[in-house]
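Structural overview for review
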Amino acid sequence: MIAVHPDGKIMVRRCLVTLRPFRLFVLGIGFFTLCFLMTSLGGQFSTRRLGDSPFTIRTEVPGGPESRGVLRKMSDLLELMARRMDALARLGNGSEPHRAGGTCAAADRLPAGAGLMERIQAIAQNVSDIAVKVDQILRHSLLLHTKVSEGRQDQCEAPSDPKFPDCSGKVEWMRARWTSDPCYAFFGVDGTECSFLIYLSEVEWFCPPLPWRNQTAARRAPKPLPKVQAVFRSNLSHLLELMGSGKESLIFMKKRTRRFTTQWATAAQHLTQKLAGIWRDQKQILVHIGFLTEESGDVFSPRVLKGGPLGEMVQWADILAALYVLGHSLRITVSLKELQSNLGVPPGRGNCPLTMPLPFDLIYTDYHGLQQMKQHMGLSFKKYRCRIRVIDTFGTEPAYNHEEYATLHGYRTNWGYWNLNPKQFMTMFPHTPDNSFMGFVSEELNETEKQLIKGGKASNMAVVYGKEASIWKVSRGPQETAQCAAVPAPRFLTPRSGVSAPQALPSELNVRLHLIPHLLQGKEKFLSILNKYMEVHGTVYYDSQRPPEVPAFVKNHGLLPQPEFQQLLRKAKLFIGFGFPYEGPAPLEAIANGCVFLQSRFSPPHSSLNHEFFRGKPTSREVFSQHPYAENFIGKPHVWTVDYNNSEEFEAAIQTIMKTQVDPYLPYEYTCEGMLERINAYIQHQDFCAAPAPALPGSHPAQSPFVLATNATHLEWALNASSVPGAWPPPHSLRAWLATPGKACTDACLDHGLICEPSFFPFLNSQEAFLRLQVPCDSTEWEMHHLYPALAQPGQECYLQKEPLLFSCAGASTKYQRLCPCRDFLKGQVALCQGCL
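Thresholds, definitions, all that
- Residues numbered from 1 in each chain as written.
- Predicted model: local features only at pLDDT ≥ 70, side-chain atom pairs only at ≥ 80, totals over all residues.
- Heavy atoms only, no water.
- Helix = DSSP H or I, 4+ residues; strand = E, 2+ residues; numbered from the N terminus.
- Buried < 20%, exposed > 50% of the residue type's maximum accessible area, 1.4 Å probe, protein only.
- Contact = heavy atoms within 4.5 Å.
- Areas by Shrake-Rupley, 256 points an atom, 1.4 Å probe, with all protein chains shown as cover.
- Phe/Tyr/Trp six-rings, centres within 6.5 Å; stacked < 30°, edge-to-face > 60°.
- Lys NZ or Arg CZ within 6 Å of the ring centre and 35° of its normal.
- Patch = residues over 30% accessible without salt bridge, like charges linked within 9 Å, V, L, I, M, F, W, Y side chains within 5 Å.
- Salt bridge = Lys/Arg side-chain N within 4 Å of Asp/Glu carboxyl O.
- Lys, Arg positive; Asp, Glu negative; His and termini not counted.
- Charge placed at Lys NZ, Arg CZ, Asp CG, Glu CD.
- Disulfide = S-S within 2.5 Å.
- pLDDT = per-residue confidence, 0-100.
- Axes fitted to C-alpha atoms, helices over the stretch in contact; angles between N-to-C directions.
- Parallel < 35°, antiparallel > 145°, perpendicular 65-115°, else oblique.
- Left-handed = near helix turned anticlockwise from the far one by under 90°.
- Nonpolar A, V, L, I, M, F, W, Y, C, P; charged D, E, K, R; others polar.
- Pairing = 2+ DSSP bridges.
- Core = buried A, V, L, I, M, F, W, Y, C linked by side-chain atoms within 4.5 Å.
- Expected span 1.5 Å × (residues − 1).

Observations concerning the overall build of the protein chain
Each helix and strand counted, the protein chain has 29 helices and 21 strands in total. A total of 837 residues make up the protein chain; the buried ones form 50% of that total. Excluding contacts between residues fewer than 6 apart, the proportion of contacts in the protein chain whose partners are at least 24 apart in sequence is 74%. Accessible surface computed for the protein chain: about 40400 Å², of which carbon and sulfur atoms make up 55%.

This is the structure we're talking about:
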């Protein structure tokens, strides 16, 4: 048993008794100071209305001398306490030494007392500083009030400044409409001329700054945050928390993310090694999935477990995973309220700018979210729209994106006219070089899994692509076909003059539910041929009380969870499409699991001109098969595209496929590593907020950066040409060709094994480029047209592009030979050039 000296007990009690009151006293002083600042100093704000802003002028300044006096007394009191504590400490140091236990207690006590004294001294200094600042604020407020009272009537008139031509008109508008939105009162507008001018000069930017306002405070921009390096992540548990819950769509996305966790981690390791030594900025990113918000209808979530389309959710799940694995800071919203909170939207109807600078470097959203942001960000939408990236399944061509041009030339739809850089639209497949290819991922197999799949394949087993019973509909008679054709387009596909956009944008599901496409005449013929050679399996959703209308020879498994569907594909030899749905992820998953994909060829090709599904979409692209990417970028032996209406061609394809051995195959750009590599390049290099200014009409470069190739067929970037700072992709990968009449630049570049690169158009948009190609121009004109620059046929008239947003790889006319910028690309990664990493 350990003995305790009585002096030690006494010392401990003294420590507790001495220190505890001082700690309580310090807390009391802090609380009292806070209360004082909220009441005495905050009195000048207590008379303000709820919507008042810091620049709203008030005449009363209560409590001036009293506040300064009280603060000085507090400072003097704290200094007196500090002196007494210092004397107490010296007294303790001068007492006689104790035995071992007592010495330890004293040693423990003195530093605590010394630390407490330092805290009291710091509080005293802070209170003294506050007193000085309050004195300065009160003096400045009184001086400002005096100035305003003396000259307010003369200084609050709309100035006539040529640099601000809209100022007087905006003041007139504010006089008549300032009560139309509560956000104006929130920013301090109260119906006076001064409040109008203050708002229009400091919140918006239509009027010049008022000379009597504190411009330093009004215009002070926040300091940019220091750059932080992005670090790859492999643990996705925090991402799953960020994704939230409560919707079947989110549950599906989280399950998919969990299933791919290992593959994302492996891909991050590989890319870390590939990018070793390269600095990557960490970005603050907001992801707003607009089609899942209640305000947009969210028709997807209720259909997740009923055979509804999952392609959009597959892509969004992979986008979230890629951004998180790349090491960026994410905020994820699936409701309008969350979006408003994260953006800093002021209360009201969305006519005012944001209350703070946008805290995000990038925003990923869809067309629904884009519309929601435009409705609630006011003028800030135009200011910050360069930071937005729009996930757009089928793509948006420049002719549809440019509002004025689309309206004048008949390209306006309810999905376009946003005046964004076309590269801000990000597609599911690389079918539109004018846009950025975002993509998604499919499961990647290791060599052992591939060998097991090859050994377990059933040569006569086919799985049908599609989960809805409508795809099994046999050919319609003339009367039924006419009735289907007579079905009016939904209201959201009907252009409306004078309306900028529908209140709720359409979704792919709406089209799929309301418009069952007229697929193929004679479907029963190829079904009977397929059944002749193969056992046909389906995964069609059905209600237990209502079996699906599928042929009797089909073995329907019902709607399968994704892991079970993958196992079915690993056994099957053939994955066959009936023409719909278009461009989904399932064919790539089937090919990755060792299936051959058989699809129909469309003749004539489907487009917005002849097919309901594409009508209203902001693209003129012609689709020649159900899955153009599989046909053009993968091809035989993995993909067969045939005419289903030709029985002999269809039967020959089935016979050949049954004899053909194929290995599981997945393009690199659809692996986790490929998607990480691509998105990382976009984030680090794409900057649409600091785009270089386009060349003005009539301007000529000091020295052409092009040289004619040795075979005199195209232009190349000269080896001695100076580099272009900030240009990405790097211009040295440029190859320029003059296309034949009637051919789009997309096809012209593909003919030479290259990809059209629209960001290179500004380099070619000059008469010098035509001259270098040995094409003399009898005349040169600058016009706004999505096919320019081009050479008119017949004649030698050269047309150059006047509007940079209309540079387009898409589009063709027999009247023009288009001047096309092409580039090389990485094997298996068409979105990136060989020098883009």
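Let's talk about the packing of aromatic side chains
With the rule as written, the count across this model stands at 41 aromatic pairs. Between Tyr400 and Tyr411 the ring centres are 5.1 Å apart and the planes differ by 75°, which places this aromatic pair in the edge-to-face class. Of this pair, Tyr400 sits in helix 16 (residues 398–401) while Tyr411 sits in the loop between helix 17 (403–409) and strand 5 (425–427), placing them 11 residues apart in sequence. Ring geometry for Tyr629 against Phe633: centres 4.9 Å apart, planes inclined by 15°, an arrangement best described as stacked. In this pair, Tyr629 and Phe633 both sit in helix 24 (residues 628–634), four residues apart, roughly one turn of the helix. Exposure remark for Tyr629: the relative accessible area of 4% places this residue in the buried category. Put simply, the rings of Phe394, Phe580, Tyr582, Phe602, Phe613 and Phe614 touch in pairs and so form one group of aromatic residues. Between the NZ or CZ atom of Arg280 and the centre of the ring of Phe232, over which it lies, the distance is 4.1 Å. The cationic tip of Lys617 hangs over the ring face of Trp415; the distance from NZ or CZ to the ring centre is 5.8 Å.

With respect to a negative patch on the surface
On the surface, a cluster of negative charge is contributed by Asp778, Glu781, Glu783 and Glu797. Owing to a relative accessible area of 64%, Asp778 belongs among the exposed residues under this scheme.

Some details on the state of the cysteines
Per the counting criterion, the structure on display carries nine disulfides. With its sulfur 2.1 Å from that of its partner, Cys167 forms a disulfide with Cys207. Here Cys167 and Cys207 share a disulfide; its torsion about the S-S bond, 100°, makes the bridge right-handed. Here the residue Cys167 occupies a position in helix 5 (residues 167–177), and Cys207 occupies one in the loop between helix 7 (193–203) and helix 8 (215–218), the gap between them amounting to 40 residues. Each sulfur in the disulfide pair Cys386 and Cys689 lies 2.0 Å from the other. Taking the sign of the torsion about the S-S bond as the criterion, the disulfide between Cys386 and Cys689, at about 95°, is right-handed.

Topic: the pattern of salt bridges
What the rule picks out here adds up to 21 salt bridges. Between Glu294 and Lys247 there is a salt bridge; the shortest N-O distance is 2.8 Å. Placement of Glu294 in the loop between strand 1 (284–288) and helix 12 (311–325) and of Lys247 in the loop between helix 9 (237–243) and helix 10 (248–259) is noted, with a sequence separation of 47 residues between them. Residue classification places Glu294 among the exposed positions, given a relative accessible area of 57%. Each of Glu172, Arg175 and Glu193 takes part in salt bridges that share partners, so that together they form one network.

What to know about unusual backbone geometry
In this chain, Trp728 is followed by Pro729 through a cis amide linkage whose omega measures 0°. In this structure, Pro729 sits in the loop between strand 15 (715–717) and strand 16 (734–738). Of the consecutive residues Tyr788 and Pro789, the connecting peptide bond is found in the cis state with omega at 10°. Along the chain, Pro789 turns up in the loop between strand 18 (779–783) and strand 19 (790–792).

Describing the confidence of the model for the protein chain
Predicted confidence across the protein chain gives a mean pLDDT of 80, with 73% of residues reaching 70 or more. Across residues 1–6 the pLDDT falls below 50, and counting only partners more than four positions away or on other chains, this stretch makes two contacts in the model. Predicted confidence is poor over residues 475–521, with pLDDT under 50, and the contacts of this stretch with residues over four places away or in other chains come to 75 contacts.

Describing the side chain of Ser607
By the secondary structure assignment, Ser607 is in the loop between strand 11 (596–606) and strand 12 (623–625). Judged by relative accessible area, which is 5%, Ser607 ranks as buried. If we ignore the near neighbours within four places in the chain, the residues touching Ser607 are Phe614, Arg621 and Glu622.

A short note on the packing of helix 12 against helix 26 (residues 672–685)
Between helix 12 and helix 26, the least distance of the axes is 10 Å, while the angle of their chain directions is 70°. If you check the angle between helix 12 and helix 26, you find them roughly perpendicular. Along this stretch, helix 12 crosses helix 26, giving a crossing that reads as right-handed. Contacts between helix 12 and helix 26 involve Asp318, Ile319, Ala322, Leu323 and Val325 from the former and Met675, Leu676, Ile679 and Ile683 from the latter. Among the residues forming the contact of helix 12 with helix 26, the class breakdown is eight nonpolar, no polar and one charged.

Details of the sheet that holds strand 3 (residues 362–365)
Spatially, the six strands line up as an open sheet ordered 2-1-3-4-5-6, and their pairing is parallel. A single partner strand is all that each edge strand has here, and the edge strands are strand 2 (329–333) and strand 6 (436–437). Alignment of strand 1 against strand 3, held across three bridges, turns out to be parallel. Looking at the pairing, Ile285 lines up with Leu362 of strand 3. In this fold helix 12 packs onto strand 1, strand 2, strand 3, strand 4 (388–391) and strand 5, with an angle of close to 170° to the strand it touches most, strand 1.

Let's talk about the pairing of strand 10 (residues 574–577)
Burial along strand 10 is two-sided: the face carrying Leu574 and Ile576 and the face carrying Phe575 and Gly577 are both buried. Sheet topology places strand 7 (residues 461–465) next to strand 10; four bridges connect them, and they run parallel. Following the sheet pairing, Ala462 is matched in strand 10 by Leu574. Across three bridges, strand 10 lies against strand 11 in parallel orientation. Counted as the bridge partner of Ile576 is Leu598 from strand 11.

Remarks on the nonpolar core
With 80 residues, the main nonpolar core has Met253, Trp264, Tyr364 and Phe575 as its most contacted residues. Among the elements that line this core, the one with the most residues is helix 12, at 11 residues. In contact with Tyr364, other than residues within four places in its own chain, are Ile285, Leu286, Val287, His288, Trp316, Leu323, Arg389, Ile391, Met426, Met438 and Ile683. Judged by nonpolar contacts, the second largest core, of 25 residues, contains Val464, Val536, Ile576 and Trp640.

Concerning the environment of Cys822
Here Cys822 shows up in strand 21 (residues 816–823). Here the alpha-carbon distance between Cys822 and Glu716, two residues 106 residues apart in the chain, equals 9.9 Å. Cys822 has contacts with Ser733, Leu734, Arg735, Trp737, Cys749, Leu754, Ile755, Cys756, Glu757 and Phe760, leaving out every residue within four places of it along the chain.

A closer look at helix 11 (residues 261–274)
An α-helical turn contains 3.6 residues, so any two residues separated by three or four positions project in the same direction. The terminal C-alpha atoms of helix 11 lie 20 Å apart, and with 14 residues this matches the ideal 20 Å at 1.5 Å per residue to within 8%. Every buried residue belonging to helix 11 is among Gln263, Trp264, Ala265, Ala267, Ala268 and Leu271, and all of these are buried. On its buried face, helix 11 is in contact with helix 12 and helix 26.

Observations concerning the packing of helix 5 against helix 7
Packing of helix 5 against helix 7 brings their axes to within 10 Å, and their N-to-C directions diverge by 125°. By the angle class used here, helix 5 and helix 7 are oblique. As for the relative orientation of helix 5 and helix 7, their crossing is right-handed in sense. Here Cys167, Lys170, Val171, Met174 and Arg175 of helix 5 come into contact with helix 7, specifically with Glu193, Phe196, Leu197, Tyr199 and Leu200. Its residues assigned to classes, the contact of helix 5 with helix 7 shows seven nonpolar, no polar and three charged.

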